[in-house]
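If you want the building blocks of each chain, they are given just below.
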Amino acid sequence: VQLQASGGGLVQAGGSLRLSCAASGRTFSSYGMGWFRQAPGKERELVATISGSGGSTYYADSVKGRFTISRDKAKNTVYLQTNSLKPEDTAVYYCAAALKPVVTDLYGMAYWGKGTQVTVSS
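Residues numbered from 1 in each chain as written. Predicted model: local features only at pLDDT ≥ 70, side-chain atom pairs only at ≥ 80, totals over all residues. Heavy atoms only, no water.

Visitor: For the environment of valine 92, give the residues involved together with the corresponding values.
Guide: Examined against the element boundaries, valine 92 turns out to sit in strand β9 (residues 91-98). Take valine 92: its relative accessible area is 21%, and that puts it in the partly exposed class. Sequence spacing of valine 92 and lysine 114 is 22 residues, and the spatial spacing of their C-alpha atoms is 9.0 Å. Residue contacts for valine 92: discarding those within four places in its chain leaves Phe36, Arg37, Gln38, Lys114, Gly115, Thr116 and Gln117. (Helix = DSSP H or I, 4+ residues; strand = E, 2+ residues; numbered from the N terminus. Buried < 20%, exposed > 50% of the residue type's maximum accessible area, 1.4 Å probe, protein only. Contact = heavy atoms within 4.5 Å.)

This is the structure:
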């Protein structure tokens, strides 16, 4: 199983990025997926998760109203639209996939991608 994250980069504060995570090796159409991030010197934290059906989403308070998670089951891909980016959003963003329909923390994830760097300049 591979989770390939892409879409990171350098952006000015207030800008936007769309992160993508393509899964291969098995289908996750019935399972929860999510995005997490880790800034230098900090622990990995949850950003957003989406249920297997796509009908339920969960966001960290710090990104509510600015980030949107979505998925395309046909493409076995999960997305994270990030808007109104702030310097404190700077981190390596990781996508992850679970083996259960709903998950709202990193401990429930079974597979992890390698991450994509997001840097927000002030």
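On we go.
Visitor: Requested: an account of the packing of aromatic side chains, with residues and values cited.
Guide: A complete count under the given rule lists two aromatic pairs for this structure. Judged by centre distance (5.6 Å) and plane angle (65°), the rings of phenylalanine 28 and tyrosine 111 are edge-to-face. Placement of the pair is phenylalanine 28 in the loop between β3 (17-24) and β4 (33-38) and tyrosine 111 in strand β10 (residues 109-112), with a sequence separation of 83 residues. On the basis of relative accessibility, which here comes to 0%, the residue phenylalanine 28 falls in the buried class. A cation over a ring is seen here: arginine 44 above tryptophan 112, with NZ or CZ 4.9 Å from the ring centre. (Phe/Tyr/Trp six-rings, centres within 6.5 Å; stacked < 30°, edge-to-face > 60°. Lys NZ or Arg CZ within 6 Å of the ring centre and 35° of its normal.)

Visitor: Outline the pairing of β9, supporting the account with residue identities and numerical values.
Guide: The element β9 is largely enclosed, with a buried count of seven among its eight residues. Two strands pair when backbone bridges link them, and β4 and β9 are joined in this way by six bridges, in the antiparallel orientation. For glutamine 38, the partnering residue across the bridge sits in β9 and is valine 92. As paired elements, β9 and strand β11 (residues 116-121) share three bridges and run antiparallel to each other. (Pairing = 2+ DSSP bridges.)

Visitor: So what about the state of the cysteines? Which residues, and what values?
Guide: Two cysteines form a disulfide when their sulfur atoms are joined by a covalent bond. Taken as a whole and assessed by the stated rule, the structure comprises one disulfide. Disulfide pairing places cysteine 21 opposite cysteine 95 at an S-S distance of 2.0 Å. Between cysteine 21 and cysteine 95 the disulfide shows an S-S torsion of about 50°. By sign, it is right-handed. Taken together, the positions of cysteine 21 in strand β3 and cysteine 95 in strand β9 put the pair 74 residues apart, joining distant regions of the chain. (Disulfide = S-S within 2.5 Å.)

Visitor: How would you sum up the sheet that holds strand β8 (residues 77-82)? Please name residues and give values.
Guide: With antiparallel pairing, four strands are arranged side by side in an open sheet as β1-β3-β8-β7. Of all the strands in the sheet, just β1 (2-6) and β7 (67-72) have a single pairing partner and so form its edges. Across the sheet, the mean angle from the axis of one strand to that of its neighbour is 15°, orientation sign disregarded. (Axes fitted to C-alpha atoms, helices over the stretch in contact; angles between N-to-C directions.)

Visitor: Help me get a handle on unusual backbone geometry, residues and values and all.
Guide: The phi angle at asparagine 76 is positive, at roughly 55°, despite the residue not being glycine. Secondary-structure assignment places asparagine 76 in the loop between β7 and β8. In the Ramachandran plot, serine 84 falls in the positive-phi region, its phi being about 50° despite a non-glycine side chain. In this structure, serine 84 sits in the loop between β8 and β9.

So, to be careful, I would describe these as geometric facts and stop short of saying anything about function.
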